[in-house]
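So you can see what is in the structure, the chains are spelled out below.
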Amino acid sequence: MTPDFVKTAPIQTLLDRASGMNAEGGDDRLKAIVRDLFEAVMVAIVKHDISESEFWQAVTFLQQGAGEFGLIVPGAGIEHFLDLYMDAKDSEVGLSGGTPRTIEGPLYVEGAPLVEGEVNLSDDADDTDTLHMSGFVTGPDGEPVQNAVVHVWHANSQGWYSHFDPTREQTPFNNRRRIRLGADGRYAFHSKMPNGYSVPPGGATDRLMKAIGRHGNRPAHVHFFVEAPGYRTLTTQINFGDDPFAADDFAFGTREGLLPVPDRQDKSAFIAFDFQLQRAASKEDENFSTRARAKA
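Throughout this description, residue numbers start from 1 for each chain and increase along the sequence as written. In keeping with the model being predicted, local features are shown solely for residues with a pLDDT of at least 70 and side-chain atom pairs are shown and tallied solely at 80 or more, while totals for entire chains, interfaces and linings include all residues. In computing side-chain values, all of the structure's heavy atoms are included and hydrogens and water are not.

The name given to the protein in an unreviewed UniProt entry is Catechol 1,2-dioxygenase, with the source organism recorded as Sphingobium indicum. UniProt positions are given in the numbering used here, feature names are shortened, and annotations may be inferred rather than shown by experiment. The protein has a UniProt comment under Sequence similarities (unreviewed entry) that states "Belongs to the intradiol ring-cleavage dioxygenase family." The Cofactor (unreviewed entry) comment attached to the protein in UniProt states, word for word, "Fe(3+)".

Here it is in structure tokens:
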């Protein structure tokens, strides 16, 4: 049987009813989206001759893996697809330049301390090198961005993030800060070097990756939000260019222009990295996306 089966009148009628297309009330845009999603699932079932048992195995996987959706979505390439889609929409309207956006990931925590000056991110001792990172936040014409705030967060040397560390040994907001910049747009911080990590062994993401012949490893990296009045909020991260998984990030966070190689000297590593923001076309551009984020 071919996927044309889904185009037959009984199935199309079912889709209209299931998505509420023929019902009064409700959101018309949501109805159209839901209908397309339901139809895509039906097409996949017919195209690959998915059995009833296979279908319910997939449902069970999703139920059991709900706690790892924040990892499954980037691992499946969907979060990176959203970045590529937003890039393409920018290109259509003639917007270009600026630091590339890339995935946020699921491990941001709201309410990190707001600090100024040369910032120490690490509250906890960690037997590893010290990372020194600095640079400038500029606008599209190279102008210093005033009143900018740089949100920065990363893992410790064991690959654990504060607030998500199963050992419960990290201080709240360890390796997490919001840095308020001065008029020159310069930021600078130091912290204990993060390490790469893998998805939880035996978890839903790990099982999915192994089932399709992929790994679940991320290179060492540092996450950023950069916000400032009059500029588009930037969500990005750098992957360390000398990490063995730098070009093979399971979460597809690696992008050209976001792979600095640390200058490693004795027990220190130095990265100079500038952020360039685009101007906001509306107040909405200055806001973060409305995805759910962890609170302390």
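Asks: Even after reading the chapter, I still don't get the pairing of strand 13 (residues 268-272), so can you show me in this structure?
Replies: Where a strand is regular, its side chains alternate between the two sheet faces. Two strands pair when backbone bridges link them, and strand 4 (residues 130-138) and strand 13 are joined in this way by five bridges, in the parallel orientation. Bridge pairing links histidine 132 to phenylalanine 270 in strand 13. Should DSSP find at least two bridges between two strands, the strands are taken to pair. Helix and strand assignments follow DSSP, with helices taken as H or I runs no shorter than four residues and strands as E runs no shorter than two, numbered in order from the N terminus. Sheet topology places strand 12 (residues 263-265) next to strand 13; three bridges connect them, and they run antiparallel. In the sheet register, arginine 264 faces strand 13, and the bridge partner there is alanine 269. The loop that links strand 12 with its antiparallel partner strand 13 comprises two residues; one of these, aspartate 266, has a positive phi angle of about 50°.

Asks: Hey, could you run me through the domain arrangement of the protein in this one?
Replies: Often the size quoted for an interface is simply the accessible area lost on bringing the parts together. Delimitation of the domains relies on an automatic or database domain assignment. Segmenting the protein into domains produces domain 1 (3-50) and domain 2 (72-295). The distance between the C-alpha centroids of domain 1 and domain 2 comes to 38 Å.

Asks: Where do I start with helix 2 (residues 28-47) in this structure?
Replies: Along an α-helix, residues three or four apart share an orientation, since each turn contains 3.6 residues. Any helix carries an expected span of 1.5 Å times its number of residues minus one. For helix 2, with 20 residues, the first-to-last C-alpha span of 28 Å sits near the 28 Å given by 1.5 Å per residue. Three labels apply to residues, based on accessible area from a 1.4 Å probe with only protein chains included: buried if under 20% of the type maximum, exposed if over 50%, partly exposed otherwise in between. Taken together, the buried positions of helix 2 are occupied by Lys31, Arg35, Glu39 and Val46. The buried residues of helix 2 all sit within an arc of 60° when viewed along its axis, so they share a single face. Pointing more than 90 degrees away from the buried face of helix 2 are the exposed residues Arg29, Asp36, Leu37 and Lys47. Note on definitions: a residue-residue contact is assigned when non-hydrogen atoms from the two residues lie within 4.5 Å. Buried residues in helix 2 make contact with helix 1 (9-18). Polar contacts, as counted here, are pairs of nitrogen or oxygen atoms within 3.5 Å of one another; within protein the pair requires one atom able to donate a hydrogen and one able to accept it, and residues that are adjacent in sequence qualify only if both atoms are side-chain atoms. Near the N-terminus of helix 2, the side chain that reaches the backbone nitrogen of arginine 29, with its oxygen 3.0 Å away, is that of aspartate 27. Two residues or fewer after helix 2 comes aspartate 49, characterised by a positive phi angle close to 50°. Here, the arc refers to the directions that run from the helix axis to the C-beta atoms.

Asks: Please explain the side chain of arginine 293 as it appears in this structure.
Replies: Mapping arginine 293 onto the fold places it in the loop between strand 14 (275-276) and strand 15 (294-295). A residue is classified by how much of its surface remains accessible, and arginine 293, at 16% relative accessible area, is buried. Of note is the side chain of arginine 293, whose polar atom sits 2.8 Å from the side chain of glutamate 104. In this view, arginine 293 contacts Glu104, Tyr108, Glu110, Phe225 and Phe288; residues no more than four positions away in its chain are not counted.

Asks: Quick question: what am I supposed to make of the sheet that holds strand 6 (residues 176-180) here?
Replies: In any sheet, the strands associate via hydrogen bonds between backbone groups, in a parallel or an antiparallel arrangement. Taken in spatial order, the five strands line up as 2-6-5-10-11 in an open sheet, and their pairing is mixed. Unpaired on one side and paired on the other, strand 2 (114-116) and strand 11 (234-239) mark the two borders of the sheet. If you compare each strand with its neighbour and ignore which way they point, the axes differ by 30° on average. By the bridge criterion, six bridges tie strand 10 (residues 221-227) to strand 11 in an arrangement that is antiparallel. Counted as the bridge partner of phenylalanine 224 is threonine 236 from strand 11. Helix axes are fitted to C-alpha atoms over the stretch in contact, other axes to C-alpha atoms as well, and angles between N-to-C directions run from 0 to 180 degrees.

Asks: Help me out: how do you make sense of the pairing of strand 4 in this one?
Replies: Bridge analysis of strand 4 against strand 7 (residues 186-192) gives seven bridges, and the strand direction is antiparallel. Across the sheet, glycine 135 pairs through a bridge with tyrosine 187, a residue of strand 7. One ladder, built from two bridges, connects strand 4 with strand 14; its direction is parallel. By the bridge assignment, threonine 138 is partnered in strand 14 with glutamine 276.

Asks: Could you clarify how one ought to interpret the UniProt feature "domain: Intradiol ring-cleavage dioxygenases" (unreviewed entry) in the protein in this entry?
Replies: According to UniProt, the "domain: Intradiol ring-cleavage dioxygenases" (unreviewed entry) feature falls on residues 103-278. In residues 103-278, the share of helix is 5% and the share of strand is 34%. The end C-alpha atoms are 18 Å apart.

Asks: Hey, could you run me through the pattern of salt bridges in this one?
Replies: Oppositely charged side chains are able to pair whenever their charged atoms sit close together. A side-chain nitrogen of Lys or Arg and a carboxyl oxygen of Asp or Glu constitute a salt bridge if their distance falls within 4 Å. Under the criterion given, the structure shown has 19 salt bridges. Between glutamate 110 and lysine 295 there is a salt bridge whose closest N-O contact spans 3.4 Å. Of this pair, glutamate 110 sits in strand 1 (residues 109-110) while lysine 295 sits in strand 15, and the two are 185 residues apart along the sequence. For the salt bridge of glutamate 116 with arginine 180, the shortest nitrogen-to-oxygen distance reads 3.9 Å. With a gap of 64 residues between them, glutamate 116 in strand 2 and arginine 180 in strand 6 connect regions that are remote in the sequence. Using a relative accessible area of 57% as the deciding quantity, one classes glutamate 116 as exposed. For arginine 180, a relative accessible area of 36% gives the class partly exposed. If you follow the salt bridges from partner to partner, you end up with Asp87, Asp90, Arg101, Arg232 and Arg255 in one network.

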